[in-house]
Amino acid sequence: MAQVLFAPDAPPEHTVYTDDEQLIGGEQNLVTIGEKIGNVCLGEITTPKGWWMCFLFGFTLLQGLVVAVAYLFYMGLGIWGLNSPVFWGLAIVNFVWWIGIGHAGTLISAILLLMHQKWRTSLNRFAEAMTIFAVMCAGIFPLIHMGRPWLAYWLFPFPNNFAMWPQFRSPLAWDVFAVSTYFTVSLLFWYVGLVPDFAYLRDHAKTRIQKLAYGFFALGWRGSAIHWRRYEKLYLLLAGIGTPLVFSVHTIVSFDFAVSIVPLWHATIFPPFFVAGAIFAGFAMVIWLAVPLRHFYGMTDLITMKHMELCGKVMLGTGLLVSYGYFCELWFAWYGQSEYEWGTTLQRIWYGPYAWAYWMLILTNTLIPQLLWHPYFRKSEFWLFTLAGSVHIGMWFERYVIVTTLSRDQLPSSWGRYQPTIWDYMTFLGTIGFFITMFFLFVRFLPMISITEMRELLPLKAGGRGGHAVMENAK
Amino acid sequence: MRKHEQEQWQSLDQYFGTPAFHQTLKDEFPEDAAEWLDPVTRRRFLQLSGASIALATAVGCNPSLKPMSEQKALQYVKKPEQITTGVPLFFASTITLGGFGLGILGKSYQGRPVKVEGNPSHPASLGSTDLYTQAATLGVYDPDRAKTCLNRNGTATWDKVKGTLTQIVDAQRAKRGAGLRIVTEAVTSPTFAGLMDELQKTLPEMKWIQYEACGLENATKGARLAFGKYVSTSYKLGEADVILSADADFLCSSPGGVRYTRDAMARRKVRITNDAKRRDGVAPDAMSRIYSVESMTSGVGAVADHRLPLKPTEIESLLREIAKELGIQGVPAAGPLPENAKAWVKPVAKDLASRSGKAVVVVGDHLSDTAHAVGHAINHKLGAVGKTVVYTDPVQVGMNGPNADRFADGAAALKVLTDEMKAGTVDALLLLGNVNPVYSAPADLDFAAAMKAMNEQKKPCFRLSSHEDETSLYCEWFINEAHQLEMWGDARAYDGTVSLQQPMIASIVDGKSTLEVLSALLLKPNNDLLAMVQATWQAHFTEKKLEGSFDDWWFKVVESGVIEGTTFPAITVGEPKLTDLPTTAPATVKDEIEIVFRPDPTIYDGRFANNGWLQEVPKPMTSLTWDNALIMSPATADKLQCGMTFNWFGGEANFGYRGGEHGNMISQIVEIKVEGRTVEAAVFILPGHADDCITFHLGYGRFPKGAVQAGEDGKGLGFNANLIRTSKARHVLGGLRIGSNLTKTGRKYHLGCVQGQVSMEGRRPARHGTVAEMTAAMTVVDHGNHKHYHMKGDSHAFDFANNPNSAAAEREILRTFLPGTPEERSRLAMQYGPKPEPGTHPEFAHIRDAGYVDNVAHGDDGEEHAREHKHAHDPRLINLTLIADHENNKLYRRWAMAIDLGACVGCTACVAACVAENNIPVIGKTEVTRGRIMHWIRIDRYFATPAEHGGTEKQDMVARWKSLADNTAAVESFVMPLPCQQCEKAPCEVVCPVAATVHSADGLNSMVYNRCVGTRYCANNCPYKVRRFNFLQYANYSTGTSLNLVNNPDVTVRTRGVMEKCTYCVQRIRNAEIEAERECDTPGRQMVRTPMGIRPLIYDGEIKTACQAACPAGAISFGDLNYDQYVPVVKQGEKYVDAGRHNGFSEVSRWKLEPTGYGVLADLNTMPRTSYLAAIKNPNPELAPPTAVKGSH
């Protein structure tokens, strides 16, 4: 835009504008946006019933996690359904599932930022929060699925009197680095983006506690030009660092399988296949989270149907990539002429005890999302929510199918079965509870949508910048 | 300079010396590990393994036997002679089963027996054992053992018991003993016999009964039918070219089973480079042929060349037909036979007759006496007597005396006894040892009622037993029995050879032996067992006029365990007469079910029911644990409507249960009603079992006394077959009809079966071929007195020993990476060996040749076959290890194992041996059904139907079921022991994030328990699935139980959350290495030049792994693949000079050089150090095999 970035003749605050790109609904200006988002955190509006329902639901499930993990540490892994051929069970399924869900946040905040996608602005804050909580949920599993979790620190390279490093050839060692880096960068990115918003909240805070808390995290933000300049540079840098992480984390997680010699795990297609699946799942979760925000807090103006439709399109695209992955698995197994690969494929899709899970996965991940081709489904909140649910189920089953592949590997004598126990499910549901609890606490106390960026999104004549300053300045 | 060193404390606790601090000092695992121990699981485990706190008290009475953890560790002030802390001692002793002795060497640490090995100088053992013997040490420490003498009406001490016995004997003297009855198990002990003779002289009308629940009475009576007198029959199976086994599971479960297995399997190990001196097996043309007619699929059937499943009555008919075909006069008429059995008669008879003097028929102990008599007649006709069959005086005591009939048929004698008991003519009854008639006597005797009658008449019953059991409940007096490893004694082997029992530990419950009870009855003041045994042999020494002093002789006997010259000489028995045989034909009725009662393969007649090791060892062929079942064929199960159901999801077919499940089988419960007696039992479907026939193992369904046999629900494990076992139908119960006698209840039962999948799915892990195929692929060079075999063309491997079709194109390459093969040797030579000199053969060509000829085949014709080569060392070994110090690395050896599938009979002795050696925990049925069995070596078993071409075709589950059900006779079975394959390129190692599983320099794939954090990635990535994980705290860390005493101190007891697996018994390897280094440069130790310098040699065969040592078949070989690279040296002054050529090949190398060698899943390029030799079968060309389909291998 060949316009000046800062309009000295900014219109008075009561002037309202609507957005022609349908990224902001209603009639908004700097004040309405600030209040719409900020008042939630400052307790200016009554906490909606929906919030309480969701929070209490999540908090209840979270208690299950506490009990399940306590009992697990007390008894040992035997309380889970793990057994001799299937040494990994639901813990790894859930780990990969959660890590995948986390991906959309980083993609939205980092990659779409670099790609100058304005529509990311309404979504990035809560999507990043989703990433962080999802990675936290994911991070629980590798820890608790260890036989001796109290020795988990042995996976980190640190100087010790054993003179031992981790074994760097193992993908599990890479996992530690990948996931911890991912978490750190995501958290930083999120926090940096939050700083101007903290300042807004500090400035509008009504109580002393709010002032102290938001003021502490605002790091003395005064909105000076040098602050903005440094903020924008840092934000851009973090976006640059975050971008490869979107690909690296799930690639490395997929190595947990691909590096092994287990039939159907041992596949080069896994890294891109997993990344696509992660984004697929992540956008499904964004849809799931956007819906309550739109309804409980009336955020329909800020998270518009346009956003929802775009999420649906991304899901459709990545869903096709994932389906291509399923096809490739079959193709390579057949074309590779390996007795075990093909035999296990037949077990997976037809003869084996988990064939139902495979077809469940094809149904929910490949077939049902095809409805998104039609605008009707993309533009219906109900249908988007339903289809995203289907994707959640499908992506979970995808990992379930992969893990239960262990039940039929090379030597038929050791073939077996895997059946999760109540403790497996309790742990899984518990992490969902943890996620919901954390997310709704976030919604209540932190700006769920970036105030700063939404204001910037306003057209210039409305006091905004017609886009994200970081994007525009980076041109 | 400071004069006074300040005392330093680590904490205030230390300063004040608080109890907490002392506890910290005592705790081996002061933090984390111990805290996570779970009391619930532990208690569960304690129950399982039979722990009880009371025993701790009992043990505490004997200060030397306190658990080590409770003992103060003090140095010996005076070191006891022979005992060095941490160094085990071996004692020769004997373990008996059914009275027959098996010589053992017991390994003892500081007076604590922990492991049993076979005694190489004992004829029944030759160094191997069966699985019962392997579990003997656990029996010593069983916390459920009876700890004291008991009296139902008051207190009891041994002195009190003796006093009462004295009164009884005094009273009986007047009646000449007419009111005294003694019941024992079968006895062969000469000392016992001597005491009993003495007692019989004092009390001539006293009656002694020998009763075995699974005895040899049919065999004994059969011999009497044939020869008019009782004789013992033993076999020399090593001499037999053709063996016909008539339902004789002689390979695992008869008195001579261990020896028979060794002998018979020596003729099944086919070697191209066979060398008789090295006992390396036989040339292809010297292989024996085994026919197995059997009701239940057995180990014999698995190794046999021809197998025919028949009902017991049909087996007898077949024997009669064969006898007739052989021209034996007076054979009674045979019953109806199915077509496939009829087809057997002529070819089998012809084959047997053609090997006159080298053929033998072995008849199963449970077949009728008529069948045994016919068997004797056939053997006589075949000229086998004195060659492959040896008759001796009866080994069992008293069988040539006046009461022989009573001893020959214990069940009949028990019947008389019960009548007498009810009639009140018995004044006192003594039940001594492993005899439990209330549980095991024929159901029609109602022994319990007789015992009640005794109680009502106030007649005393005495019971000597290791555990309180069904019978002891009815006995006023209970005497706790000493374990066999706790006492002096003697016993005869199957051939009469006597071996001694010597105590390896003072009885931890102060138990008594049968000898002591007898001596009390004889009113002897002294109960010294040693004196009693010595007295017997003093007499023998004097009688035989042996040289030297008795003390010297005795010392030698105790040391070797075996008494020379006591083997019974062969006797002539004359021609067997068939005139006394019943003329009726065996009553085979179509569609009528016959039930065969057999001793359980792991807990025998129930005497080992409280032994957790034996309960958890999967039973041969069925892979069942913790239960018995009604074992039947798929077709029979279909008839009972317990057959396959189709599970809609996943298209998975069930074998009446969830077939693919590993560990958990859901099966149907069937009710059996016979003559007013009923029993319910679960169905187990075994492919290849004879149709219309059910095998029902004894020993289960016991009164739940004892934590292990009580099961986890406290109701007792398994199903009591004795409830329907009557005097008339002791071994076979016929005439049952589905519907009237057998009904499906509709209830379900969970069986712990550790292998659900029965097909190889075309992957051929267990490979096999025929001698004909083998010889077709070879050229034979005949040197007159010996032959050489060469593979045709460039190949070194037989087609059938190659990899699955999918990998066929790379088969040469694959063998190139299989450690120990000729191809691999040549690759190493090319890569690392000296470069060929110009004008000579390339070095690798020599080594390729060497693969077969060099150092192995030395012709007696004086022809020099061996050539000198420079052997290539494999420098990769150094790179395999993480040990940084390469310079001083003395680990230059290359350990490897080879397993001959042709010889393996699947007896599971190796599994039991591994459990005993490596402290493998017992996890209980529930955990087994969860698929978490911990055994480091497992016996895989597969079945193939003709439609599946020997397991090479994939089949739909429904089609497979149908094929198995319709072709019972054609089902082939394969067994395959699978320990860790010790891959050189181990998939487990690369994926461990903490390097807890790594290679040692000598190529062992080591497991570092302390480093393991339990990610279990290694186990996922192990294609062999031989890694085992401690999902819960399985090992017993409690200090309050005697069970910890059974642990091998050389092996870590693993904690919860760590992975474990076979280590090739690394503790034995390291001990041998330490020993060798210690003996470095002593005269007894050969020094050799190795690629790492001059080192002491560990001789080939010096190290035996536990499984290898136990294996009765000798199917496992272990050793150093680099053995042939060492050059013997002698020291001259300060220098070493070569003293000869390279060592010959080690045994394991010779096995691996065989063209039948292959690696399981070698196509994954794991380079497994454990490799297999394909099973070679020797089918009779005239007897069309049921699987004569092209590619049937």
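Everything that follows concerns the structure shown earlier in this document.
Definitions and cut-offs
- Residues numbered from 1 in each chain as written.
- Chains lettered and ligands numbered in written order.
- Predicted model: local features only at pLDDT ≥ 70, side-chain atom pairs only at ≥ 80, totals over all residues.
- Heavy atoms only, no water.
- Helix = DSSP H or I, 4+ residues; strand = E, 2+ residues; numbered from the N terminus.
- Rg over C-alpha atoms; globule rule 2.2 N^0.38 Å.
- Buried < 20%, exposed > 50% of the residue type's maximum accessible area, 1.4 Å probe, protein only.
- Areas by Shrake-Rupley, 256 points an atom, 1.4 Å probe, with all protein chains shown as cover.
- Lys, Arg positive; Asp, Glu negative; His and termini not counted.
- Charge placed at Lys NZ, Arg CZ, Asp CG, Glu CD.
- Patch = residues over 30% accessible without salt bridge, like charges linked within 9 Å, V, L, I, M, F, W, Y side chains within 5 Å.
- Salt bridge = Lys/Arg side-chain N within 4 Å of Asp/Glu carboxyl O.
- Axes fitted to C-alpha atoms, helices over the stretch in contact; angles between N-to-C directions.
- Parallel < 35°, antiparallel > 145°, perpendicular 65-115°, else oblique.
- Contact = heavy atoms within 4.5 Å.
- Expected span 1.5 Å × (residues − 1).
- Polar contact = N/O pair within 3.5 Å; in protein donor to acceptor, adjacent residues only side chain to side chain.
- Nonpolar A, V, L, I, M, F, W, Y, C, P; charged D, E, K, R; others polar.
- Pairing = 2+ DSSP bridges.

Asks: What is the right way to read the overall build of chain A from this model?
Replies: Assigned secondary structure in chain A consists of 16 helices and zero strands. A compact globule built from 475 residues should have a C-alpha radius of gyration of about 23 Å, and chain A, at 23 Å, falls within 12% of that. The principal-axis extents of the C-alpha atoms in chain A amount to approximately 80 × 55 × 40 Å. In chain A, which comprises 475 residues, the proportion classed as buried is 63%. Surface summary for chain A: the accessible area is close to 18100 Å², and the carbon and sulfur share equals 71%. Here chain A carries 29 positive and 26 negative side-chain charges, and the mean point of each set is 4 Å from the other.

Asks: Even after reading the chapter, I still don't get a nonpolar patch on the surface, so can you show me in this structure?
Replies: Among the surface-exposed residues, Tyr324(A), Phe327(A), Trp331(A), Phe332(A), Trp334(A) and Tyr335(A) lie close enough to one another that they form a single nonpolar patch of about 730 Å² accessible area. Relative to the helices and strands, Phe327(A) is located in helix H9 (residues 305-335).

Asks: What's the story with the side chain of Glu128(A) in this structure? I'm lost.
Replies: Along the chain, Glu128(A) falls in helix H4 (residues 124-144). Comment: no salt bridge for buried Glu128(A); closest opposite-charge side chain is Arg120(A), at 4.4 Å.

Asks: Quick question: what am I supposed to make of the packing of helix H8 (residues 158-174) of chain B against helix H20 (residues 514-521) of chain B here?
Replies: Residues and elements named next belong to chain B. Put simply, H8 and H20 touch, their axes get as near as 8 Å, and they point 50° apart. Between H8 and H20, the crossing angle belongs to the class labelled oblique. Residues Trp-158, Lys-162, Leu-165 and Val-169 of H8 form the contact with H20, whose participating residues are Glu-516, Val-517, Ala-520 and Leu-521.

Asks: How should I be thinking about helix H8 (residues 270-296) of chain A in this particular structure?
Replies: Turn by turn, an α-helix covers 3.6 residues, leaving residues three or four places apart pointing in a common direction. The terminal C-alpha atoms of H8(A) lie 39 Å apart, and with 27 residues this matches the ideal 39 Å at 1.5 Å per residue to within 8%. Of the residues flanking the end of H8(A), it is Gly298(A), one or two places downstream, whose phi is positive at about 60°.

Asks: Would you mind showing me how to read the interface of chain A and chain B here?
Replies: By a frequent convention, interface size equals the accessible area lost on bringing the separate parts together. At the junction of the two partners, chain A supplies 67 residues and chain B supplies 72 residues. On the surface where chain A and chain B come into contact, there are one salt bridge. Here Asp409(A) ties to Lys1025(B) by a salt bridge, and the two come within 2.8 Å at their closest N and O atoms. Our count for the contact surface shared by chain A and chain B stands at 33 residue pairs in polar contact (both at pLDDT 80 or more). Where the side of chain A that touches chain B is concerned, the elements lending two or more residues are helix H2 (49-75), helix H5 (171-204), helix H7 (225-258), helix H10 (339-351) and helix H11 (355-367) of chain A. Ranked by residues supplied to the side of chain A that touches chain B, first place goes to H10(A) with eight residues. Of the residues assigned to the side of chain A that touches chain B, the class counts are 40 nonpolar, 20 polar and seven charged.

Asks: Help me understand the environment of Met934(B) in this model?
Replies: All names here are of chain B. As for its position among the elements, Met-934 is in the loop between helix H31 (924-929) and strand S31 (938-944). With relative accessibility at 0%, the residue Met-934 sits in the buried group. In this view, Met-934 contacts Ile-920, Pro-921, Ile-923, Arg-1028, Phe-1029, Asn-1030, Tyr-1034 and Glu-1060; residues no more than four positions away in its chain are not counted.

Asks: In this structure, what is going on with the pattern of salt bridges? I would like to understand it.
Replies: Where side chains of opposite charge bring their charged atoms close, a pairing between them can arise. Using the criterion set out here, one finds 64 salt bridges over all chains in the structure. When the shortest N-O distance is used, the salt bridge between Lys206(A) and Glu44(A) registers 3.9 Å. Of this pair, Lys206(A) sits in the loop between H5 and helix H6 (208-217) while Glu44(A) sits in the loop between helix H1 (30-41) and H2; the two residues are 162 residues apart in sequence, bridging distant segments of the chain. Here Glu671(B) and Lys673(B) are joined by a salt bridge, their closest N and O atoms 3.9 Å apart. Using a relative accessible area of 40% as the deciding quantity, one classes Lys673(B) as partly exposed.

Asks: Would you mind going over the sheet that holds strand S14 (residues 461-465) of chain B with me for this structure?
Replies: Within a sheet, each strand pairs with its neighbour through backbone hydrogen bonds, oriented either parallel or antiparallel. Residue and element names in this part refer to chain B. Pairing in this open sheet of six strands is mixed, and the strands run S4-S15-S14-S13-S5-S6 from one edge to the other. In this open sheet, the two edge strands, each paired with only one partner strand, are strand S4 (150-151) and strand S6 (207-210). Pairing geometry for strand S13 (residues 428-432) and S14, over four bridges, is parallel. Counted as the bridge partner of Leu-430 is Phe-462 from S14. With respect to the sheet, helix H17 (residues 410-423) is in contact with strand S5 (180-184), S6 and S13, its orientation differing from that of S6 by roughly 135°.

Asks: Help me understand the side chain of Glu185(B) in this model?
Replies: Residues and elements named next belong to chain B. Within the secondary structure, Glu-185 is located in the loop between S5 and helix H9 (190-202). Given the relative accessible area of 14%, Glu-185 is considered buried. A polar contact of 3.4 Å, which involves the side chain of Glu-185, links it to the side chain of Arg-607. With sequence-adjacent residues up to four places away left out, Glu-185 is seen in contact with Gly-98, Gly-99, Gln-210, Tyr-211, Glu-212, Leu-432, Asn-434, Val-435 and Arg-607.

Asks: What am I meant to see in unusual backbone geometry here?
Replies: All names here are of chain B. The phi torsion at Gln-110 lies on the positive side, around 45°, for a residue other than glycine. Tracing the backbone through its elements, the reader meets Gln-110 in the loop between strand S2 (100-109) and strand S3 (112-118). The phi angle at Leu-1161 is positive, at roughly 55°, despite the residue not being glycine.

Asks: Even after reading the chapter, I still don't get H20(B), so can you show me in this structure?
Replies: Burial runs high along H20(B): eight of the eight residues are buried. Looking one or two residues past H20(B), Leu523(B) carries a phi angle of roughly 60°, positive in sign.

Asks: Mind showing me how you'd approach the sheet that holds S3(B) here?
Replies: All names here are of chain B. Across the sheet, three strands lie side by side as S1-S2-S3; this open sheet has antiparallel pairing. The outermost strands of the open sheet, each flanked by one partner alone, are strand S1 (89-97) and S3. Adjacent strand axes in the sheet meet at a mean angle of 40° when their direction is disregarded.

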